[in-house]
Amino acid sequence: MLQLSSEWKERLKLEFEKPYFNELLQFLQKEYSERSIFPAKEHIFQALNECSYEDCKVVILGQDPYHQPGQAHGLSFSVLPGVKIPPSLRNIYKELKSDLGIEIPTSGYLIDWAKQGILLLNTVLTVREGEANSHKNKGWEVFTNTVLSELNKHDRPIIFVLWGKHAQAKEELITGNHHVILKAHHPSPLSASRGFFGSKPFSQINQKLEGLQMTPIDWTVK
């Protein structure tokens, strides 16, 4: 049911043997057979499949997938080509223009970010159509906490971008002093004006990467 790259599968193999994950799988099988669930099964692990453990330079943590048809495809904040850009991503683009002068993209498809070593990870990886947070507390949080804990073990510094209280609650998992944590308010319309706008995350990330002698991100979205 779940398609995951061999590298991440090996690193997370102990999770798949735990009772909670078996219960999560049973829950998902029932949900997918009876309801409209996003993203499609083959895209549940898209974030991990597009950004390998070894290549990961930046983590941008989201909450749960978009819950309207055609939006979610496994990368946090991203939508497929041709899909209307959701409000939070629109605000991310506004800050991108303000920060780096990059024109606001017409596409919400963030695959080029993922391919440069940005893990666009939601803390919950599935959702029912039209019901935000409907797969909360079913086991995904345990799994994605393990992903973050594994990344914390990385001997190379990783930049963790935590927008909003939900993401910032994960800060306790990032114990390595060599890692970098960037925090700001969430880019949603409810909170963007309270401290997301003006936070300049994109230039900060690139400055940190250059300071680590790593290639900065090309934030252009094609």
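Everything below is about the structure printed above this text.
Calculation rules
- Residues numbered from 1 in each chain as written.
- Predicted model: local features only at pLDDT ≥ 70, side-chain atom pairs only at ≥ 80, totals over all residues.
- Heavy atoms only, no water.
- Buried < 20%, exposed > 50% of the residue type's maximum accessible area, 1.4 Å probe, protein only.
- Helix = DSSP H or I, 4+ residues; strand = E, 2+ residues; numbered from the N terminus.
- Pairing = 2+ DSSP bridges.
- Salt bridge = Lys/Arg side-chain N within 4 Å of Asp/Glu carboxyl O.
- Axes fitted to C-alpha atoms, helices over the stretch in contact; angles between N-to-C directions.
- Contact = heavy atoms within 4.5 Å.
- Core = buried A, V, L, I, M, F, W, Y, C linked by side-chain atoms within 4.5 Å.
- 1 Å grid on protein atoms, 1.4 Å probe; cavity = no way out; pocket = protein on both sides within 12 Å on 5 of 7 lines; lining within 4 Å.
- Points joined across faces, edges and corners; volume = space filled by probe spheres on them.
- Nonpolar A, V, L, I, M, F, W, Y, C, P; charged D, E, K, R; others polar.
- Parallel < 35°, antiparallel > 145°, perpendicular 65-115°, else oblique.
- Polar contact = N/O pair within 3.5 Å; in protein donor to acceptor, adjacent residues only side chain to side chain.

### Section: the pairing of strand S5 (residues 159-163)
In step 1: Burial runs high along S5: 5 of the 5 residues are buried.
In step 2: Sheet analysis places strand S2 (residues 58-62) next to S5, joined by 4 bridges and oriented parallel. By the bridge assignment, Val58 is partnered in S5 with Ile159.
In step 3: Pairing analysis gives 5 bridges linking S5 to strand S6 (residues 180-184), with the strands arranged parallel. Along S6, the bridge assignment pairs Ile159 with Val180.

### Describing the pattern of salt bridges
In step 1: Overall, the coordinates contain 12 salt bridges when judged by the stated rule.
In step 2: Residues Glu150 and Arg11 are paired through a salt bridge, measuring 3.2 Å at the closest nitrogen-oxygen approach. Within this pair, whereas Glu150 is found in helix H7 (residues 140-152), its partner Arg11 is found in helix H1 (residues 6-11), the two being separated by 139 residues in sequence.
In step 3: Close ionic contact of Glu171 with Lys183 constitutes a salt bridge, the shortest N to O distance being 3.0 Å. Here Glu171 is found in the loop between helix H8 (164-168) and S6, whereas its partner Lys183 is found in strand S6, with 12 residues between them in sequence.
In step 4: Here the salt bridges share partners, and the residues they tie into one network are Glu31, Arg35, Arg128 and Glu131.

### Regarding the environment of Ala40
In step 1: Along the polypeptide, Ala40 turns up in the loop between strand S1 (37-38) and helix H4 (46-50).
In step 2: When its relative accessible area of 31% is taken as the criterion, Ala40 is described as partly exposed.
In step 3: Residues Ala40 and Gly70, 30 residues apart in the sequence, show an inter-C-alpha distance of 9.6 Å.

### A look at the sheet that holds S5
In step 1: Pairing is parallel in the open sheet, where 4 strands are placed in the order S3-S2-S5-S6. The open sheet has two edge strands, strand S3 (118-122) and S6, and neither has a second partner. Between one strand and the next, the sheet's axes are offset by a mean angle of 20 degrees, whatever the strand orientation.
In step 2: The strands that H7 touches are S2, S3 and S5; relative to S3, the one it contacts most, it runs at about 155 degrees.
In step 3: Together, S2, S5 and S6 form the strand contacts of helix H9 (residues 201-211), whose direction differs from that of S5 by roughly 165 degrees.

### Re the nonpolar core
In step 1: Counting residues in hydrophobic clusters, the biggest one holds 70 residues, and the most contacted among them are Trp113, Leu119, Trp140, Phe143 and Leu151.
In step 2: With 6 residues, helix H3 (residues 19-34) is the largest single contributor of residues to this core.
In step 3: If sequence neighbours within four positions are ignored, Leu119 has contacts with Ala47, Leu48, Cys51, Cys56, Val58, Val59, Ile60, Val147 and Leu151.

### A closer look at the layout of surface pockets
In step 1: Approximately 430 Å³ is the volume found for the largest pocket.
In step 2: Computed from the structure, the second largest pocket encloses a volume of approximately 220 Å³.
In step 3: Forming the boundary of the second largest pocket are Gly164, Lys165, Gln168, Ala184, His185, His186, Ser188, Pro189, Leu190, Ser191 and Arg194.
In step 4: Among the elements that make up the lining of the second largest pocket, the one with the highest residue count is H8 (3 residues).
In step 5: Of the residues in the lining of the second largest pocket, the class split is 3 nonpolar, 6 polar and 2 charged.

### Describing the packing of helix H5 (residues 87-100) against H9
In step 1: In the contact formed by H5 and H9, the axes pass within 7 Å of each other and the chain directions differ by 60 degrees. If you check the angle between H5 and H9, you find them oblique. When H5 is examined against H9, the residues Ile92, Glu95, Leu96, Asp99 and Leu100 are found in contact with a partner set consisting of Pro201, Phe202 and Ser203.
In step 2: Considered class by class, the residues forming the contact of H5 with H9 number 5 nonpolar, 1 polar and 2 charged.

### Remarks on the side chain of Gln71
In step 1: As for its position among the elements, Gln71 is in the loop between S2 and H5.
In step 2: What makes Gln71 buried here is its relative accessible area of 14%.
In step 3: At 3.2 Å, the side chain of Gln71 and the backbone nitrogen of Gln68 are in polar contact.
In step 4: When near neighbours in sequence (up to four residues on either side) are disregarded, Gln71 contacts Tyr66, Ser78, Val79, Leu80, Val83 and Pro86.

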